[in-house]
There are 2 protein chains.
Amino acid sequence: MNSIFVPTFKKGSSSLSFRLLHNFRTMGTITAKAIVYPGYGEPEDVLETHSYEIPSPEALKNDEVLVKTLACPLNPSDINQIQGVYPSRPPISQTSLPGLTKPVAVCGNEGVFRVLGTGPGVTSLKPGDWCIPSKVNYGTWRSHAISAEAEFLRIPNDIPLKQAATMAVNTSSAYLMLTQFEKLQKGDWFIQNGGNSQVGRCAIQIAKSLGINSISIVRDRPELQKLIDELTALGATHVITEKQNTSKEFGKTIKGWTAGRPIKLGLNCVGGPNVAGMSRKLGKNAKLVTYGGMSMKPVMLPTSLFIFKNLTAVGFWITEMTKKDPELREKVINKVLELIKENALADINCTLNKVEPEKLTDLEFTDAFKQALCDSKSNGKQLITFE
Amino acid sequence: MNSIFVPTFKKGSSSLSFRLLHNFRTMGTITAKAIVYPGYGEPEDVLETHSYEIPSPEALKNDEVLVKTLACPLNPSDINQIQGVYPSRPPISQTSLPGLTKPVAVCGNEGVFRVLGTGPGVTSLKPGDWCIPSKVNYGTWRSHAISAEAEFLRIPNDIPLKQAATMAVNTSSAYLMLTQFEKLQKGDWFIQNGGNSQVGRCAIQIAKSLGINSISIVRDRPELQKLIDELTALGATHVITEKQNTSKEFGKTIKGWTAGRPIKLGLNCVGGPNVAGMSRKLGKNAKLVTYGGMSMKPVMLPTSLFIFKNLTAVGFWITEMTKKDPELREKVINKVLELIKENALADINCTLNKVEPEKLTDLEFTDAFKQALCDSKSNGKQLITFE
């Protein structure tokens with residue numbers, strides 16, 4: 001029971017010596033592993049694994065639920081939390097994990113779990129069910145967890161794993177942005193940049209299922225037509241390049257597409273001149289919703305749009321919106337689940353990284369996450385799966 | 001009666017020959033002069049004077065009101081209308097003025113008139129009353145006018161002429177922006193750039209009278225302290241420079257001033273990096289209202305303010321707001337009149353250009369306006385007065 005070794009992680013240290021240590025599952029206990037950080041910094045510097053024992057299902061108390069993580073994504077906001085630069089983050093004060101020698105925070109906000117066992121008072125979940133965290137900052141980069149029933153939201157256990165693991169942030173964000181700012185009707189139009197991002201792809205598909213037309217702006221690239229075909233297959237009404245977006249001349253083509261119908265909503269995750277060009281396509285009284293700034297440039301909007309076209313520019317932050325209104329979070333999850341059931345959402349474009357916690361040392365477990373974080377910089381969204 | 005000569009204006013032509021022509025007032029008629037344009041262009045190219053005869057007060061029909069212009073300001077938006085680049089402008093289709101040989105538009109949106117006479121059905125106005133146009137695009141750059149009673153709004157005839165002539169645009173704009181977007185309470189704070197503009201000066205004074213604190217950003221200049229003293233005398237709580245506005249360090253000073261109270265409202269007439277710096281001073285859930293773009297740069301706002309501080313950026317256009325809600329126009333005029341009566345508004349910072357229409361040829365009349373327009377570029381706001 002005291003065999004858990006919590007390594008003091010040294011950057012660049014060999015993991016060989018750690019390979020000799022075995023984390024194991026004893027009768028009656030489960031060895032859990034969690035990626036934690038004891039202080040803010042770059043993930044490669046501060047991440048470490050904390051291994052600890054948790055009771056077996058039979059030993060769970062009243063409203064406790066024991067879950068095993070099936071998959072968790074590595075989102076940019078997770079990294080920003082570790083760096084200490086994200087406004088909403090868990091305090092580095094987690095002391096409830098057994099065996100901790102210092103306060104830490106557990107990484108990760110999104111993920112899908114399978115219930116292994118429930119305490120006698122639990123009514124909404126049973127073993128075999130899938131669930132997701134009901135709140136933000138849960139700490140999903142871990143193999144197992146025990147929490148009160150209220151910390152989890154049950155979801156069907158027969159939906160694609162990737163959908164389940166990413167529905168709480170990207171898919172929900174796209175749904176909320178399309179429905180909470182403007183009352184779009186069937187046949188209405190919206191425009192977005194970052195059309196090839198995860199949220200952009202979700203927005204294309206959700207809009208299609210709601211009968212809403214989309215114009216998605218993507219960066220020019222060597223195999224542009226391939227991407228256009230891909231997004232069109234997802235349901236994109238039109239896909240345009242950044243160059244077309246900033247061309248005055250091309251504005252006429254867009255007016256032809258919409259047949260004079262005003263574009264009522266713009267979704268911006270890029271900023272800079274891109275959003276200036278995009279907002280010029282918006283009709284009178286339109287809303288521009290900013291949810292990211294990939295260009296690292298500010299949101300740039302022509303003065304005349306504010307004064308003469310009554311543009312309203314707002315921000316979207318799912319963390320804040322669902323904190324303020326937890327019922328909305330449940331509502332949007334259910335809406336997204338409906339879309340998944342209707343096959344309205346294609347498979348998520350991401351890479352699965354299978355990790356077997358029970359076969360890895362703490363250092364190897366940490367390294368697996370670090371590697372996936374590294375891959376996410378160049379190879380798109382990464383998911384860690386535990387089975 | 002046919003003695004009115006409508007000159008075909010040639011740029012640069014000598015006015016000597018026109019000096020020989022006399023516009024005159026005959027028994028029973030008044031000779032009116034109006035600055036008009038038959039097509040869009042630069043004011044120096046397209047402005048001309050149309051002189052015409054209008055009946056004397058005794059000949060007015062039912063709801064007709066005859067007014068004499070006391071003063072009219074030359075606003076930047078007036079120039080933009082003449083250039084054809086302002087979204088709201090009178091159509092060039094004015095054909096009701098007697099003696100016109102082609103359709104024209106009459107310049108000017110703001111001004112104060114004295115009633116010379118009223119038709120038998122008029123109830124809200126009597127000779128000697130002062131009034132202002134009740135709607136936009138009235139065409140105020142003229143010596144006299146006859147219109148239906150509903151075209152005018154009576155105001156007291158014992159207030160300063162400059163206040164009366166400019167209350168409908170600048171003063172009303174400042175009042176509306178301070179009251180229509182955020183419910184500011186006594187002790188609350190707002191921040192604005194263009195603190196030395198007419199609207200900025202009005203906002204400082206109106207805020208003071210409402211018990212609201214102000215931070216006004218002004219451009220650095222040789223005699224900065226003199227300007228700071230001047231604005232402080234108007235009621236400014238604090239005046240800062242553009243450099244201080246964009247300094248991170250100075251943000252702490254401002255936090256000290258507000259004692260942690262969030263700044264709820266920002267008024268922007270500049271754009272560019274100035275508005276980015278200003279908006280960083282705003283608290284959570286604040287509103288940024290754009291009503292001008294003097295830097296000719298777009299409205300630049302950091303992405304994080306939208307996402308993490310829930311900033312809402314909107315535009316203000318008095319034309320549209322009062323078109324949509326004519327009652328609001330009357331309400332704000334009355335509020336501004338109250339402030340004037342309470343001596344809450346200092347004398348307007350502008351130059352009076354006295355013009356005596358009856359002594360000038362058409363060309364001289366036109367030239368007087370052109371000269372004032374020219375002066376307004378370097379010497380601040382210009383008003384034409386007719387007595």
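Just so it is clear, the model here is predicted, and its values are computed rather than measured.

**Here we look at the environment of B:Asp78**
Residues and elements named next belong to chain B.
Now for step 1: Tracing the chain through its elements places aspartate 78 in helix α3 (residues 76-83).
Now for step 2: Classification of aspartate 78 as buried rests on a relative accessible area of 1%.
Now for step 3: Separated by 31 residues in sequence, aspartate 78 and asparagine 109 have C-alpha atoms that sit 6.8 Å apart.
Now for step 4: For aspartate 78, the contacting residues outside a window of four places in its chain are Pro73, Gly108, Asn109 and Trp141.

**Comments concerning the sheet that holds strand β2 (residues 48-55) of chain A**
Residue and element names in this part refer to chain A.
Now for step 1: The strand order across the open sheet built from three strands is β2-β1-β4, with neighbouring strands paired in antiparallel fashion. Two strands bound the open sheet, and with one partner strand each, they are β2 and β4 (105-106).
Now for step 2: The pairing of strand β1 (residues 29-37) with β4 spans two bridges and is classified as antiparallel. Each residue of the ladder has a partner; that of valine 36, found in β4, is valine 106.

**Thoughts on the UniProt feature "domain: Enoyl reductase (ER)" (unreviewed entry) in chain A**
Now for step 1: Per the UniProt record, the feature "domain: Enoyl reductase (ER)" (unreviewed entry) sits at residues 45-384 of chain A.
Now for step 2: Note that residues 45-384 of chain A is 37% helix and 24% strand, and that its end C-alpha atoms are spaced 20 Å apart.

**Some details on the interface of chain A and chain B**
Now for step 1: With 27 residues of chain A in contact, the opposing surface of chain B contributes 27 residues.
Now for step 2: For the pairing of chain A and chain B, the buried interface totals around 2,100 Å² over both sides, and the portion due to carbon and sulfur atoms is 66%.
Now for step 3: Summed over the three residues of chain A that lose the most area to chain B, namely A:Phe306, A:Ile307 and A:Phe308, the buried surface amounts to 27% of that side.
Now for step 4: Applying the counting criterion to the chain A and chain B interface returns two salt bridges.
Now for step 5: Across the salt bridge formed by A:Glu320 and B:Lys284, the nearest N and O atoms sit 3.8 Å from each other.
Now for step 6: Put simply, chain A and chain B have three residue pairs in polar contact (both at pLDDT 80 or more) between them.
Now for step 7: Looking at the side of chain A that touches chain B, the elements that each hand over two or more residues are β13 (282-290), β14 (299-301), α10 (303-308), β15 (312-315) and α11 (318-324) of chain A.
Now for step 8: With three bridges connecting them, β14(A) and strand β14 (residues 299-301) of chain B associate as antiparallel partners. In the strand pairing of β14(B), A:Leu301 is matched with B:Val299.

Cut-offs used in this document
Residues numbered from 1 in each chain as written. Chains lettered and ligands numbered in written order. Predicted model: local features only at pLDDT ≥ 70, side-chain atom pairs only at ≥ 80, totals over all residues. Heavy atoms only, no water. Helix = DSSP H or I, 4+ residues; strand = E, 2+ residues; numbered from the N terminus. Buried < 20%, exposed > 50% of the residue type's maximum accessible area, 1.4 Å probe, protein only. Contact = heavy atoms within 4.5 Å. Pairing = 2+ DSSP bridges. UniProt positions renumbered as here; feature names shortened; annotations may be inferred. Buried area = accessible area lost by both parts, 1.4 Å probe. Salt bridge = Lys/Arg side-chain N within 4 Å of Asp/Glu carboxyl O. Polar contact = N/O pair within 3.5 Å; in protein donor to acceptor, adjacent residues only side chain to side chain.

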